[in-house]
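# Working through the structure, step by step
Here is how the chains run, residue by residue.
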Amino acid sequence: MSSGTERLLASVRQGLEQVFPPVTAQLMRELVKPHPDFEDIARVIGLDPVLSAAALTLVNSPFYSLSQKVTTLERAAVVLGTKEILKIALSVSFAGKGLAGDKSEANFANWRLVVWSAIAAELLAERLCPGEADLAYLCALLKDLSLLLVARTAPDMLPYGGDAEVLTCLRPGQMDAEARAWGLTHPQLTLRALADWGVPDLGGGCIAHHHDTEAVDSLPPLAQAVTLATQWAELAAGCDRDPILLVQFEMLLRERLGASTADVEQMRAVCIQKYRSMLAILDLEEAAPAARLYEHSIQAMQNYHFQTMEITATSGGTPSVARIVGRHLRWNFGLTEWDLALRAPRDDGWDLLLAKDGTLEEGGHAALDEGLPWRFTKRRLLLLASGEKWGELRLKAGTLAKEAEQDMNLFLRFLSRAYEQYCLRHAVLEAKADTLDALPVGVARLDEDGRVLELNPALYAFLGQPKNPLGRDVMECMALLDVPSVDTEWRLFLGNPDRPTFSKIYCSDPGQPGAPPRCMYFSAHKESRAGRTSVLFLAEDVTEVSAVEAQALRQGAFMEQLVGSMQDMVMTVDAAGTITFASPRYSDRLTGRNLFAVAKPVGSFAGTWGPAMLDDEAPSAEIILQLRDGTFKSLELMVSRLRGTRATSPAYLVVGRDLTSVRRLEERLKRQALFDSLTELFNRFQFHAFLEREARRATRTGRPMGMVFFDLDGFKDINDTRGHQAGDEVLKDVAAIVRDTVRKGTDLPCRYGGDEFAIIATDSKPEGLRVLAQRLRDAIVARYGPELGVSLGLATLLDGENPDDLVRRADRACYRAKARGGNAIVEAGEP
């Protein structure tokens, strides 16, 4: 072990002794026991009167909502449970004795993350591993202990400094920096400190892996809860992260937990309530309102994200950005007058944009934003991202309602990130502009979809100096040269990752007799950097090409355009069936392959599948063709021999008519015959067909069969008050509940008509029908509450009964359920 590592461990031990009283380690040892003894806990807590008083204050905080004030730990244990009291005492001891005593904002930020992650870890563990929720809380509370102790006792040993950022936020490359400087990482250092303190192994690798977000799926449930809680805390409660990452995280969290959006929102609400109670008892200040991302719903963050992403794709400089911002300010906050300063993307200056009377004016440019001629000075809102200032918005005093301030803070977070991305993208392009400008040929850099990102003066001159070609498709720009379209072959080049280059010569019609055609040579080369693909596009005037060569080029280009524009697939094959030419869109995936090896006949084809069929009289076949990329095409082939080819080396024209749309139409018609178009349940026609079939089967086999017939209570009110579109959404939602409730492959759910539904339940006795009906009613009531009910009628097929009588009995039972007031289940035969 190196001397540096020894010094580090010594500083951590020193911190443990200085900060924590002996009772803290005893409390932790009690918490990891399966059944803590309250008398031991009360004795330990009683050793510290301040700790006892603080713990009781937290017990009586709004989070627990106790009806009567608790004055003793014994009473608190009866009300909340021994482990909950133990966690409260441990939290107060751990955070209130020294590490959280520093009243600096940096320390507050550290402890906000610790508190959030501990509370969130417990909530997540209640879903992932309920028996280990208390351990999850403890692991999250302790996971960054070593960092906080080193910062207190030996800050010079932190390899990345301890003042500029929040210690408990993971920095890029932090783990590698710690391993180089210390010989171990801070999770490993925390585990060493706990072992020295006499705390037993908490299990599950929850501390060792609390930053392993990439490998979270392979971790045990306890470690998953702590790792996800750590990430949640960093995104929601203190680190300057891109807010869209929080949106993505909470959406992924919903999928991982199998929860709804409302469930995640409720979990976050519980976390916030307990978080604020804990901050209050620990005397920790909550973050400024602008930093409280956790207060906003996923929907609100998504809305602002999608709005501001428009900025990252715009062109036209800061005025274009300001126009977009102006629309958003008007839509979201009703603001029409404002001053906006933006950092110029091409230099270190600042541009001022002024909105007044529905128009946008440029207010000037200054080397520093302080030198700008502002109109408004009292309401200042900064655009901050990645620790830098990217702009400033100023409003007239009193124009922003106080209740809208929180939404404005959230909007500015997303706006700042979007403008930062816009500026950084332009900075990269500007750095390469001089090189592009100096080249003697027309050059453009394109994105992977063929849109112009930058072009040099030579190409700009070729195009006739069009207004603002940036962001336009390069082939649209080329059309200004009056050259034939190269769209098909160009799109194949862009869409094929295995094709790195493109080159073509095209000549335009001179328009005047005797005038030489203008010929252009186009070439393109793909480049991949940092996982992103761009295209270097070159255009050169090669009008010196002879008239004969130009004519040949034009004819060849015309034929390629003609074949490329055909909906049918066109191929030529030799006598052995080798494909020598294919339509441009399929060329890369077919040329050089044998037709009879990559295609197989289907349907009624009765001939010989092989080269011999090429010379059959009027040969045709329906086939399935496999392309080189593994995809399949359904085609009807027509074959004819090419005239003028030698008898010893014949060639054949093969035209394939795409049958995919025909088959798709056939499939759609079949589905329409089976299913109701709105709910996607079986339709009424299929209901009667199924009913006849299953009734005969039940009679033949002696197996029971029943029916659940129901309609919706309150559905007409929804249609009348909220409209038929809302009613349709309710019907689709109820249909989804029905599909989730019935037995797959055994029950047949149908829409009978309007808001009436029927389920044919095969192999089902009366008690089974009752269970199915109860599940349906519970699910619909849980979804809609008092707004929508369901009246259900049940009937079992009687010996000798015909299907229509079964439907009538189930329908009458449903009617009786509705007559009882609705939202009831009635079996046929009940009074």
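Placed above this text is the structure.
Quick look at the structure, then. Fair warning: this is a prediction, and the values are worked out from it, not measured in the lab. (Residues numbered from 1 in each chain as written. Predicted model: local features only at pLDDT ≥ 70, side-chain atom pairs only at ≥ 80, totals over all residues. Heavy atoms only, no water.)

A few words now on the overall build of the protein chain. Assigned secondary structure in the protein chain consists of 30 helices and 21 strands. For the protein chain, with 831 residues in total, the buried portion stands at 48%. Long-range contacts, defined as pairs at least 24 residues apart, comprise 56% of the intrachain contacts of the protein chain with a sequence gap of at least 6. With the model as given, the accessible surface of the protein chain reaches about 39,700 Å², and the carbon-plus-sulfur share is 52%. (Helix = DSSP H or I, 4+ residues; strand = E, 2+ residues; numbered from the N terminus. Buried < 20%, exposed > 50% of the residue type's maximum accessible area, 1.4 Å probe, protein only. Contact = heavy atoms within 4.5 Å. Areas by Shrake-Rupley, 256 points an atom, 1.4 Å probe, with all protein chains shown as cover.)

What follows deals with the pairing of strand S19 (residues 756-762). Burial analysis of S19 places six of its seven residues in the buried class, the great majority of the element. Sheet topology note: the strand S17 (residues 705-713)/S19 ladder contains seven bridges and is antiparallel. Looking at the pairing, Met-707 lines up with Ile-760 of S19. Summarising the sheet, strand S18 (residues 747-753) and S19 pair through six bridges and their orientation is antiparallel. Looking at S19, one finds that Leu-748 is bridged to Ile-760. Counting the residues in the hairpin turn of S18 and S19 gives two residues, including Gly-754, whose phi is positive at 55 degrees. (Pairing = 2+ DSSP bridges.)

Strand order in the open sheet formed by five strands is S3-S2-S1-S5-S4, with antiparallel pairing between adjacent strands. The open sheet terminates on both sides in strands that have one partner only, identified here as strand S3 (359-366) and strand S4 (379-385). In this sheet, adjacent strand axes meet at a mean angle of 20 degrees when their direction is disregarded. With five bridges connecting them, strand S1 (residues 338-343) and strand S5 (residues 388-395) associate as antiparallel partners. From the neighbouring strand, Leu-340 faces S5, where its bridge partner is Leu-393. Its contacts with the sheet put helix H16 (residues 317-333) on S1, strand S2 (350-356), S3 and S5, and the angle it makes with S1 is roughly 140 degrees. (Axes fitted to C-alpha atoms, helices over the stretch in contact; angles between N-to-C directions.)

Turning our eyes to something else, we now look at helix H15 (residues 298-312). With 15 residues, H15 extends 21 Å from end C-alpha to end C-alpha; this agrees with the ideal 21 Å at 1.5 Å per step. Every buried residue of H15 is listed here: Ile-298, Met-301, Gln-302, Tyr-304, His-305, Gln-307, Thr-308, Ile-311 and Thr-312. (Expected span 1.5 Å × (residues − 1).)

Let us now look at the sheet that holds S19. Taken together, the five strands give an open sheet; going across it, the order is S18-S19-S17-S20-S21, and neighbouring strands pair in mixed fashion. The sheet terminates laterally at S18 and strand S21 (825-827), the two strands that pair on one side only. For this sheet, the mean angle separating the axes of adjacent strands, direction not counted, is 20 degrees.

This part covers the side chain of Asp-339. Residue position: Asp-339 is located in strand S1. At a separation of 2.7 Å, a polar atom in the side chain of Asp-339 contacts the main-chain amide nitrogen of Arg-375. One polar contact links the side chain of Asp-339 to the main-chain amide nitrogen of Phe-376, over a distance of 3.1 Å. Discounting residues that sit within four places of it in the chain, Asp-339 has contacts with Leu-352, Leu-353, Leu-354, Trp-374, Arg-375, Phe-376, Glu-392, Leu-393 and Arg-394. (Polar contact = N/O pair within 3.5 Å; in protein donor to acceptor, adjacent residues only side chain to side chain.)

A full pass over the atoms with the stated rule returns one disulfide. Disulfide pairing places Cys-139 opposite Cys-206 at an S-S distance of 2.3 Å. With a gap of 67 residues between them, Cys-139 in helix H8 (residues 133-142) and Cys-206 in the loop between helix H11 (186-196) and helix H12 (221-236) connect regions that are remote in the sequence. Among the residues examined, Cys-206 registers a relative accessible area of 2% and is labelled buried. (Disulfide = S-S within 2.5 Å.)

To continue, consider the pairing of S3. Inspection of the sheet shows S2 paired to S3 by seven bridges, in the antiparallel sense. Following the sheet pairing, Leu-352 is matched in S3 by Gly-364.

Right, let's get into H12. In this model, H12 (16 residues) spans 22 Å end to end at C-alpha, consistent with the 22 Å of a helix rising 1.5 Å per residue. Burial analysis of H12 places 14 of its 16 residues in the buried class, which makes it a mostly covered element.

On to the packing of aromatic side chains, then. Scanning all chains against the criterion turns up 14 aromatic pairs. On the basis of an interplanar angle of 65 degrees and a centroid distance of 5.8 Å, the ring pair of Phe-333 and Phe-411 is categorised as edge-to-face. Residue Phe-333 is found in helix H16, and its partner Phe-411 is found in helix H17 (residues 405-431); the two are separated by 78 residues along the sequence. When sorted by exposure, Phe-333 lands in the same class as Phe-411, which is buried. Pairing Phe-493 with Phe-502 gives two aromatic rings, centres 5.7 Å apart and planes at 35 degrees, and the pair type is tilted. You'll find Phe-493 and Phe-502 in the same group, each marked buried. Aromatic rings pair up to connect Trp-116, Trp-232, Phe-249 and Tyr-275 into one cluster. (Phe/Tyr/Trp six-rings, centres within 6.5 Å; stacked < 30°, edge-to-face > 60°.)

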